[in-house]
Amino acid sequence: MLLTVSGPPGAGKSTTVAALAEAFDLEHVSGGDIFRELADDRGMTAVEFNRLAEEDDQIDRDLDRRLREIALERDDVLLESRLAGWLAGNAADLRLWLDAPIEVRAARIATREEKSAEQALDETRERERSEALRYHDYYNIDITDLSIYDVALNTARWSEDDVPEILTAAVRAYDPGDDEGKYAVEGVKYDF
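Bear in mind the structure is a predicted one, so any value in this text is a computation, not a measurement. (Residues numbered from 1 in each chain as written. Predicted model: local features only at pLDDT ≥ 70, side-chain atom pairs only at ≥ 80, totals over all residues. Heavy atoms only, no water.)

Draft legend 1. Examining the nonpolar core more closely. One finds Leu2, Val29, Leu67, Leu79, Leu83, Trp86 and Ile141 to be the most contacted residues of the largest nonpolar core, which totals 30 residues. Those elements that provide at least two residues to this core are α2 (31–41), α3 (46–55), α4 (58–73), β3 (77–80), α5 (84–88) and α7 (117–139). At five residues, α4 tops the list of elements feeding residues into this core. Those residues in contact with Leu67 that lie beyond four places of it in its chain are Val29, Gly31, Ile34, Leu79, Ser81 and Leu87. Ala21, Leu78, Leu94 and Val163 belong to the second largest nonpolar core, which has 16 residues in total. (Core = buried A, V, L, I, M, F, W, Y, C linked by side-chain atoms within 4.5 Å. Buried < 20%, exposed > 50% of the residue type's maximum accessible area, 1.4 Å probe, protein only. Helix = DSSP H or I, 4+ residues; strand = E, 2+ residues; numbered from the N terminus. Contact = heavy atoms within 4.5 Å.)

As structure tokens, this is what we get:
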């Protein structure tokens, strides 16, 4: 099984995917973890590394190529990244999108990264703007187009414990024999 979990920063992906990976005995591969490790290797914050990625497109392309290869070549994986659903494309069994209002996400990020909510909000807006432009420019992906996702969930409406339960129930209820068709991922330029 290949599950993808996508969504903007602070949507609760990391919290949720650990429970999903455990529930279905899937290897968890996090694009965000890989990105933060690459930033840390260069002594940069994620925001600083995002700025560098605006100037050096190979940073995104290398990460995205690696995630696409994992999606196409490996089994029993939960792939988590902003573009996981797009990168896995039609190879994914189910594509999940997690979101929450930006103020909620910024507050979560502020707590996690020990910064002010105002700073987190400004950085999150800048990061999302930057990423949206790059995704469109590199791959012709409109990150606001949620049509490819099988489930889109506002994580601010349920508790941290309830969100994984809701998604686990959705995945368990999925029966390929009853599947009348997922939305195809079309128009993406996988230009790595």
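There's plenty left to go through after this.
Draft legend 2. Spotlight on the pattern of salt bridges. Within this structure, the stated rule accounts for 16 salt bridges. Between Arg51 and Glu126 there is a salt bridge whose closest N-O contact spans 3.0 Å. Residue Arg51 is located in helix α3, and its partner Glu126 is located in helix α7; the two are separated by 75 residues in the primary sequence. Owing to a relative accessible area of 39%, Arg51 belongs among the partly exposed residues under this scheme. A salt bridge links Glu131 to Arg82, with the nearest nitrogen and oxygen atoms 2.9 Å apart. Of this pair, Glu131 sits in helix α7 while Arg82 sits in the loop between β3 and α5, and the two are 49 residues apart along the sequence. The same class applies to Glu131 and to Arg82, which are both buried. One salt-bridge network, in which partners are shared between bridges, spans Arg112, Glu113, Lys115 and Glu123. (Salt bridge = Lys/Arg side-chain N within 4 Å of Asp/Glu carboxyl O.)

Draft legend 3. Here's a closer look at the sheet that holds strand β2 (residues 27–30). A sheet is described by the order of its strands in space; here five strands give the open sequence β2-β3-β1-β4-β5, paired in parallel fashion. Each edge of the sheet is formed by a strand with only one pairing partner; in this case those strands are β2 and β5 (151–154). Across this sheet, the average inter-strand angle for adjacent strands is 20 degrees, counted without regard to direction. Two elements, β2 and β3, share four bridges in a ladder whose sense is parallel. In the sheet register, Ser30 faces β3, and the bridge partner there is Glu80. Packing against the sheet, α2 makes contact with β2 and β3, and its axis sits at approximately 50 degrees to β2. (Pairing = 2+ DSSP bridges. Axes fitted to C-alpha atoms, helices over the stretch in contact; angles between N-to-C directions.)

Draft legend 4. Layout of a negative patch on the surface. Where like charges cluster on the molecular surface, the negative patch consists of Asp150, Asp175, Asp178, Asp179 and Glu180. Mapped onto the secondary structure, Asp150 falls in the loop between α7 and β5. (Patch = residues over 30% accessible without salt bridge, like charges linked within 9 Å, V, L, I, M, F, W, Y side chains within 5 Å. Areas by Shrake-Rupley, 256 points an atom, 1.4 Å probe, with all protein chains shown as cover. Lys, Arg positive; Asp, Glu negative; His and termini not counted. Charge placed at Lys NZ, Arg CZ, Asp CG, Glu CD.)

Draft legend 5. Molecular detail of the packing of α3 against α7. It is at 10 Å that the axes of α3 and α7 come closest, and there the two elements cross at 30 degrees. Considering the angle they form, α3 stands roughly parallel to α7. Once α3 is placed against α7, the crossing between them reads as left-handed. The residues of α7 that touch α3, namely those facing Val47, Asn50, Arg51, Ala53 and Glu54, are Glu123, Glu126, Arg127, Arg129, Ser130, Glu131, Arg134 and Tyr138. Considering only residue class, the contact of α3 with α7 consists of three nonpolar, two polar and eight charged. (Parallel < 35°, antiparallel > 145°, perpendicular 65-115°, else oblique. Left-handed = near helix turned anticlockwise from the far one by under 90°. Nonpolar A, V, L, I, M, F, W, Y, C, P; charged D, E, K, R; others polar.)

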